[in-house]
Amino acid sequence: SYRKGGYHAVRIGDPFSGGRYIAQRKLGWGQFSTVWLAYDTLSSSYVALKIQKSAQQFAQAALHEIEFLSAAADGDLQNTKCVVRLIDHFKHAGPNGQHLCMVLEFLGDSLLRLIRYNRYKGLKLDKVREICRCVLTGLDYLHRELGMIHSDLKPENILLCSTIDPCKDPVRSGLTPLLEKPEGNANGGGGSSTMNLIEKKLKRRAKRAVAKISERRVSMVGGEEASSKTEKSLDGIDMRCKVVDFGNACWADKQFAEEIQTRQYRAPEVILQSGYSFSVDMWSFGCTAFELVTGDMLFAPKEGNGYGEDEDHLAIMMELLGKMPRKIAIGGARSKDYFDRHGDLKRIRRLKYWPLDRLLVDKYKLPEAEAKEFAEFLSPILEFAPEKRPTAQQCLKHPWSMDECSKYTEQCR
Ligand code: ADP
Ligand code: MG
């Protein structure tokens, strides 16, 4: 993909936007972009630099994302609404073409990494509660204040707020390469004075941090090497997080695509093409909350002998949530592909019903009371009828998602 129209190759120390941003290390990548930790010389802070592939359709997608991120930033001047902040954007010319770049506030690991780090065992309910409150705050803002549907909510697109200064933790921040190859990053801008200064400062800080490394808490980044200390190490970690990746967002009154969302987090009305609204994000939120608690995806449909992935998806939904009301089942443009006129699946006839509260106890060994409370919170969100699903605002007021403090203030009202 590193060819004309594709990704832009970045080397540590490369300057961007006239030298304002200096690339530090790669943070991640998506289908359309690579994302880099960069140092912002203007604000003396770290940022995430998302560099889009250069071909026309990717530039178009970046402009789309910038439109939605800008709207989200404009309506949240205090930056408290749990949505990633767009700081700046610009074009960068490279050997593969012109790349649109987005400068975003620097965040930490995704919830997917958190789940992996915890070895797919699921997180403690208090942690999940904290995460859910942030995600719901973000969704409530997007939906109610902006009229925006995210359309691709999933653990990968929710990032923990990084409370760790990347300068202070070399493993987490990737400053180790700077130590290993002290000269390796001086080539970008021909050694501008700003750059040299920053490099020196970074190296000094990184050295100091390395001296401290032995006392360091288990770093989240060592995902693959998660040890028996895992549970303990999550204890001190603040679970605040933010919603990212607005590449698929749309306005509720101006939709672009019929097929939205990542497969496992896709709402039934999207599969059946019966029209959708904000409540598709609530469905994905429900799937995500379950995954945080159990470490397993709620729905992982597979194509089978004589039936496709969509039909399997509908079948496993009904095995958990009961039979889909006939009116809903036959009401979509694609309904005839999967359902007969009685509202039964055409190719998958025998369903094994295993309701949510039982599943949580029997398979995931949650204590009865916790399972019951969580199932009571989650079940209405996984309602087949989209208009019956609670809004993000309503979920925030549900006793399950409230912390002790807000429960108390509610009672006092
Ligand atoms: P794409 O639209 O190409 O999927 P994303 O916006 O999802 O791109 O970003 C790709 C990856 O880059 C994310 O999964 C995450 O690992 C990392 N990333 C994105 N934004 C940030 C950020 N603000 N801070 C830290 N890492 C980020
Ligand atoms: Mg993504």
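Residues numbered from 1 in each chain as written. Chains lettered and ligands numbered in written order. Predicted model: local features only at pLDDT ≥ 70, side-chain atom pairs only at ≥ 80, totals over all residues.

Under the annotation held in an unreviewed UniProt entry, the protein chain carries the name non-specific serine/threonine protein kinase and is attributed to Brassica campestris. The UniProt entry for the protein chain carries the following text under Sequence similarities (unreviewed entry): "Belongs to the protein kinase superfamily." (UniProt positions renumbered as here; feature names shortened; annotations may be inferred.)

Draft legend 1. Quick look at the overall build of the protein chain. Looking only at helices and strands, the protein chain has 16 helices and 10 strands in total. Within the protein chain, the proportion of its 413 residues that are buried is 39%. Of the contacts formed within the protein chain by residues at least 6 apart in sequence, a portion of 66% connects residues at least 24 apart. (Helix = DSSP H or I, 4+ residues; strand = E, 2+ residues; numbered from the N terminus. Buried ≥ 20, exposed ≤ 12 C-beta atoms within 10 Å, placed from the backbone. Contact = placed C-beta atoms within 7 Å.)

Draft legend 2. Representation of the site of ligand 1. Around ligand 1, 22 residues are found, and the nearest of them are G28, G30, V35, A48 and D245. For the shell around ligand 1, the secondary-structure elements that each account for two or more residues are β2 (21-29), β3 (33-40), β4 (45-52) and β6 (97-105). The residue makeup of the shell around ligand 1, split by class, is 11 nonpolar, seven polar and four charged. (Near = placed C-beta within 6 Å. Nonpolar A, V, L, I, M, F, W, Y, C, P; charged D, E, K, R; others polar.)

Draft legend 3. Spatial organisation of the UniProt feature "binding site: ATP" (unreviewed entry) in the protein chain. Mapped onto this numbering, the UniProt entry gives "binding site: ATP" (unreviewed entry) at K50. Checked against the element boundaries, K50 lands in strand β4. Once residues within four sequence positions are removed from consideration, K50 is found in contact with S33, V35, C101, M102 and L104.

Draft legend 4. Quick look at helix α1 (residues 56-74). If you check α1, its first and last C-alpha atoms are 27 Å apart, about what 19 residues at 1.5 Å a residue would give, namely 27 Å. What α1 keeps buried is the set F58, A62, E65, F68, L69 and A72. Burial along α1 is one-sided: seen end-on, the buried residues are contained in an arc of 130°. Residues of α1 that are exposed and angled more than 90 degrees away from the buried face: Q56, Q60, L63 and D74. Residues of α1 that are buried sit in contact with β4, β5 (86-94), β6, α3 (125-146) and β7 (148-149). (Expected span 1.5 Å × (residues − 1). Arc of directions from axis to C-beta.)

Draft legend 5. Summary view of the pairing of β2. Sheet topology places strand β1 (residues 15-16) next to β2; two bridges connect them, and they run antiparallel. Residue P15 lies in a different strand from β2, and its bridge partner there is I22. Turn length for the β1-β2 hairpin, with the two strands adjacent in sequence and antiparallel, is four residues, and the turn residue S17 shows positive phi of about 50°. Judged from the seven bridges that link them, β2 and β3 form a sheet pairing that is antiparallel. Directly across from A23, in β3, lies its bridge partner A38. Adjacent in sequence and paired antiparallel, β2 and β3 are bridged by three residues. (Pairing = 2+ DSSP bridges.)

Draft legend 6. Structural context of unusual backbone geometry. Phi at C82 takes a positive value of approximately 65°, unusual for a residue other than glycine. Among the structural elements, C82 can be located in the loop between α1 and β5. On the neighbour-count criterion, C82 (22 C-beta atoms within 10 Å) is buried. Despite not being glycine, S151 has its phi angle at roughly 70°, a positive value. By the secondary structure assignment, S151 is in the loop between β7 and β8 (158-160).

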